[in-house]
Amino acid sequence: MDNNAHLPTPPPEVVPSVESLVALRHAARDFVFFPRLKPNSSLAGPHHTRFRGRGMDFDEVRPYQPGDDMRSIDWRVTARTNTTHTKLFREERERPVYLLTDLRQTMFFGSQRMKSVTACEISAALAWAGLNSGDRVGGLVFGNSQFNDIRARRSHHAALALIRVLNETSTNLCEAQADTFTLHDMLQDLRRIAHPGAALMIISDFHDLSADPRNERHLFEMARRCDITLFHVYDPLEARLPPPGNYPLRGPLGRRSLDTRNTAQRQAFEEAFDARCEYLKQLATKLQMGYLTFSTNTGSNSDVVSTLNQHYGKARSRKARRSSQSKPHIQAVGA
């Protein structure tokens, strides 16, 4: 039985164009990051940390305590209450953004669009958003046999350099090669460049995350000093096989066939994917990392932008800000 009717009629987008990735600059203007910064970065910047000190933005007035800076005494409140009070300010620290983009051979798959294309769009959109927030943006792009290190800069040239690397690495995926790098290698390199207080965005299908226990250790060590968000990219065919039948497939290695008529294999396939997603969710919760999922069953980058806007859009950011003001004792987990 040949179920060609279930195959998508338009061919999947194989390589993202430079023009489409540059165009995401306009959509990213509506993204606002609210990082959970840790007070261990010494560089001044536009983001508020968790601790209070002497900075540009006034935070509150409280009774004077031994060791407080006498220059911060609020003499008006002190005179009115007959008790010495001091002003507190919110410290500002720089928050560099590092993007780890996985473009290994397993990302070169898609029933409608390639996972690699979706990953490139996420990476480009986040790079533009970081620059719009006044952050330095850099990162790592891993292909099947090469990787590129983009130095973090507060310039549109950093985003353009990233886009060029994303396009070139995606193009190289058209020539099937064995993967040289594992996720362990990628996370190890990310730890090398990740500065305390940085925002780390890891974009991958995470197919080999649980294969090496060192991966969780790397994430644990980075989560202690940085804010991490996992961007899980998957194709619907990786989650659920199509209806029972024999399907022709086309790839770099030529034509193959996919037989989905075995019920036990179908169930095992779906359970394996569900288990991987559940592991990612539990790991993100345990390490207080953000976790976002992206499916490739879209025909354009609009759904990528829509999903990012749900988490980083200005409307959600205003809501999160009001929530944090009304419940200051609650700390949000993830992005």
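Heads up: the structure comes first, above all this text.
Below is a short write-up of the structure. None of the values given here were measured: they were computed from a predicted structure.

1. A short note on the nonpolar core
Next, step 1: Among the nonpolar cores identified, the biggest contains 42 residues, and L126, F231 and L308 are the most heavily contacted of them.
Next, step 2: In terms of residue count, the dominant contributor to this core is helix α3 (residues 115-132) (eleven residues).
Next, step 3: Those residues in contact with F231 that lie beyond four places of it in its chain are I122, L126, M201, I202, I203, S204, F206, L292, F294, L308 and Y312.
Next, step 4: Core analysis: the next-biggest nonpolar cluster, separate from the first, contains 32 residues, Y98, A194, A223 and L287 among them.

2. Quick look at the pattern of salt bridges
Next, step 1: Here the structure, examined in full by the defined rule, presents 15 salt bridges.
Next, step 2: Ionic pairing is found between D208 and R104, a salt bridge with its closest N-O pair at 2.9 Å. You can see D208 sitting in the loop between β7 (199-204) and α6 (213-223) and its partner R104 sitting in the loop between β4 (97-102) and α3, a full 104 residues away along the chain.
Next, step 3: Ionic pairing is found between D149 and R192, a salt bridge with its closest N-O pair at 3.3 Å. Of this pair, D149 sits in strand β6 (residues 147-153) while R192 sits in helix α5 (residues 183-193), and the two are 43 residues apart along the sequence.
Next, step 4: Classification of D149 as partly exposed rests on a relative accessible area of 39%.
Next, step 5: One network of salt bridges, with partners in common, ties together D102, R104 and D208.

3. So, the pairing of strand β5 (residues 137-142)
Next, step 1: Extensive coverage of β5 is indicated by the burial of six of its six residues.
Next, step 2: In β5, alternate side chains face the same way, and those of V137, G139 and V141 on one face and G138, L140 and F142 on the other are all buried.
Next, step 3: Alignment of β4 against β5, held across six bridges, turns out to be parallel. Pairing of V97 across the sheet is with V137, part of β5.
Next, step 4: Since β4 and β5 lie parallel, the crossover through α3 that links them has a hand, and here it is right-handed.
Next, step 5: Two elements, β5 and β6, share five bridges in a ladder whose sense is antiparallel. Following the sheet pairing, V141 is matched in β6 by N148.
Next, step 6: Here β5 folds back onto β6 in antiparallel fashion, the turn holding four residues.

4. Some points on α6
Next, step 1: Turning to α6, its buried residues number three or more, namely N215, H218, L219, E221, M222 and A223.
Next, step 2: For α6, the secondary structure elements touched by its buried residues are α5, β7, β8 (227-234) and α8 (263-286).

Definitions and limits used
Residues numbered from 1 in each chain as written. Predicted model: local features only at pLDDT ≥ 70, side-chain atom pairs only at ≥ 80, totals over all residues. Heavy atoms only, no water. Core = buried A, V, L, I, M, F, W, Y, C linked by side-chain atoms within 4.5 Å. Buried < 20%, exposed > 50% of the residue type's maximum accessible area, 1.4 Å probe, protein only. Helix = DSSP H or I, 4+ residues; strand = E, 2+ residues; numbered from the N terminus. Contact = heavy atoms within 4.5 Å. Salt bridge = Lys/Arg side-chain N within 4 Å of Asp/Glu carboxyl O. Pairing = 2+ DSSP bridges. Right-handed = clockwise from strand over helix to strand, strands pointing away.

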